[in-house]
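Report on the structure
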Amino acid sequence: MKNNYLVIGGAGFIGSHLTDVCYANGKNVIVYDNFSLGKMEYLKQSPNVTVVKGDILDPKALADCIDKYQPEVVFHLAAIHFIPACENDPANALRINVEGTQNVLNATAGKTPKLIFTSTGAIYDPEITSALNENSNIRTGDIYGITKLTAEELVKYHVKKERGHAIIARLFNAVGPRETNPHLVPAIMDQLAEGNWNVELGNLYPKRDYIHARDIAEGLFAISQTELSTELEIFNIGSGTEYTVEELVSLCGEASGSPITIESVESRRRKYDRPNQLADISKMKSICNWSPQRNLRIALEEVWQTEMVEKIKR
Ligand SMILES: NC(=O)c1ccc[n+]([C@@H]2O[C@H](COP(=O)([O-])OP(=O)(O)OC[C@H]3O[C@@H](n4cnc5c(N)ncnc54)[C@H](O)[C@@H]3O)[C@@H](O)[C@H]2O)c1
């Protein structure tokens, strides 16, 4: 139905920001989520936001949802995303990220005008140190990357078989309020909130492209609003700026108003960490007329103000 936008994984970190952006743009949003990590409290309570509790591993529930709401746009964000969780249980990661994506493709085939699948900038070749564009070489080094790359191939095959149009959005490192997985920023912020100003971390040198989750959400929405002449497109969504872990930590310290010291500890170090991962976002800028509006400092200040200050009070 016109104006119905379905966000699969819409109660999670990026999904809940995307739900907000769709809602703010006057869309009827349907959130499909199993709430394994997503939270109801992240979602606006409104007649224009409908929540369907369901699993992407349940093909019938997915098909019923698509048939009932007939969305003109489907965003697929549901996944196991935390790298250690994928490494600890590869079969589960494959089931959710690959089989789950195939279920989404089956449910939308011939029915959904536009499907937007969220992949990752982590599938680009780690040896490339310059900005990564959508044609850069692909080489995955872990289970998470393998599942996302396989899911991308399934999306491409879906388009090749003329089952629908699709867009693959390769996201870089999201930061901001409502993070569900114990990534770097929550790990640092939690230590600061506990009054531990000597922050223990793993490798300090890697540079990453950090982008506010709300900017990612606006980027995904911008894609949904762009008339594309091709049946399949790939877009990077990042900030186009990179920071070392050390720089990130010192910005966290500034956000919390405390001088901090950093210690790199053996137990937290990864054996191999790609040295950097920077997005070239010129395609998103030129085709979707989108660019990020918030820098890393703003994202970290928001996390501190909206989540950590509350935590300290409790
Ligand atoms: N956060 C990042 O930095 C980042 C970077 C690159 C790509 N991505 C991709 O973006 C997407 C969203 O990431 P996120 O950080 O918001 O993760 P998230 O874990 O917060 O969100 C995933 C959501 O999907 C739901 N979900 C998980 N398994 C499900 C299932 N079987 N059925 C139905 N719902 C299920 C969870 O409850 C959660 O609400 C993921 O596909 C992720 O791989 C994220």
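See the structure printed just above.
Residues numbered from 1 in each chain as written. Predicted model: local features only at pLDDT ≥ 70, side-chain atom pairs only at ≥ 80, totals over all residues. Heavy atoms only, no water.

Attention shifts here to the site of the ligand. Contacts to the ligand come from 30 residues, most closely from Ile14, Asp33, Tyr144, Lys148 and Thr180. In the complex, the protein chains occlude 97% of the 820 Å² of accessible area that the ligand would expose alone. Listing elements by their share of the shell around the ligand, those giving two or more residues are α1 (13–24), β5 (114–120), α5 (143–160) and β7 (173–175). Classifying every residue of the shell around the ligand gives 14 nonpolar, 13 polar and 3 charged. (Near = heavy atom within 4 Å. Areas by Shrake-Rupley, 256 points an atom, 1.4 Å probe, with all protein chains shown as cover. Helix = DSSP H or I, 4+ residues; strand = E, 2+ residues; numbered from the N terminus. Nonpolar A, V, L, I, M, F, W, Y, C, P; charged D, E, K, R; others polar.)

What follows covers the packing of α1 against helix α7 (residues 213–225). In contact at an axis separation of 8 Å, α1 and α7 are set at 55 degrees when each is read in the N-to-C sense. In terms of orientation, α1 and α7 fall into the oblique class. Once α1 is placed against α7, the crossing between them reads as right-handed. For the pair α1 and α7, contact is made by Phe13, Ile14, His17, Leu18, Asp20, Val21 and Cys22 and by Ala213, Arg214, Ile216, Ala217, Glu218, Leu220 and Phe221, respectively. A class-by-class count of the residues in the contact of α1 with α7 yields 10 nonpolar, 1 polar and 3 charged. (Axes fitted to C-alpha atoms, helices over the stretch in contact; angles between N-to-C directions. Parallel < 35°, antiparallel > 145°, perpendicular 65-115°, else oblique. Left-handed = near helix turned anticlockwise from the far one by under 90°. Contact = heavy atoms within 4.5 Å.)

Roughly 480 Å³ of volume is contained in the second largest pocket. As for the second largest pocket, its lining consists of 21 residues, and the residues nearest its centre are Tyr42, Arg178, Glu179, Glu307 and Met308. Contributing elements (two or more residues each) for the lining of the second largest pocket: α6 (184–193) and α10 (296–313). Split by residue class, the lining of the second largest pocket holds 8 nonpolar, 4 polar and 9 charged. (1 Å grid on protein atoms, 1.4 Å probe; cavity = no way out; pocket = protein on both sides within 12 Å on 5 of 7 lines; lining within 4 Å. Points joined across faces, edges and corners; volume = space filled by probe spheres on them.)

What follows covers the environment of Val51. Among the structural elements, Val51 can be located in strand β3 (residues 49–53). For the pair Val51 and Val29, spaced 22 residues apart in sequence, the C-alpha separation works out to 8.5 Å. With residues near it in sequence (within four places) discarded, Val51 still touches Val31, Phe35, Met40 and Leu43.

With 12 residues, α1 should reach 16 Å at 1.5 Å per residue; the first-to-last C-alpha distance of 17 Å fits that figure. Counting buried residues in α1 gives 10 out of 12 residues, a clear majority hidden from the surface. Taken as a whole, α1 has its buried residues at Phe13, Ile14, Gly15, Ser16, His17, Leu18, Thr19, Asp20, Val21 and Cys22. Of the residues flanking the end of α1, it is Gly26, one or two places downstream, whose phi is positive at about 80 degrees. (Expected span 1.5 Å × (residues − 1). Buried < 20%, exposed > 50% of the residue type's maximum accessible area, 1.4 Å probe, protein only.)

Right, let's talk about the nonpolar core for a bit. In summary, soluble globular proteins display a tendency toward joint burial of nonpolar side chains. In this structure, Ile14, Phe75, Leu220, Ile223 and Ile237 are the most contacted members of the largest nonpolar core, which totals 39 residues. If you list the elements that add at least two residues to this core, you get β1 (4–8), α1, β2 (28–33), β4 (73–76), β6 (165–171), α7, β11 (232–237) and α9 (282–288). Sort the elements by how many residues they give to this core and α7 lands first, with 7 residues. Filtering out sequence-adjacent residues up to four positions away, Ile223 remains in contact with Lys114, Ile116, Ile167, Ala169, Phe235, Ile237, Met284 and Cys288. One finds Ala107, Phe117, Ala151 and Val159 within the second-largest nonpolar core, a separate group that totals 24 residues. (Core = buried A, V, L, I, M, F, W, Y, C linked by side-chain atoms within 4.5 Å.)

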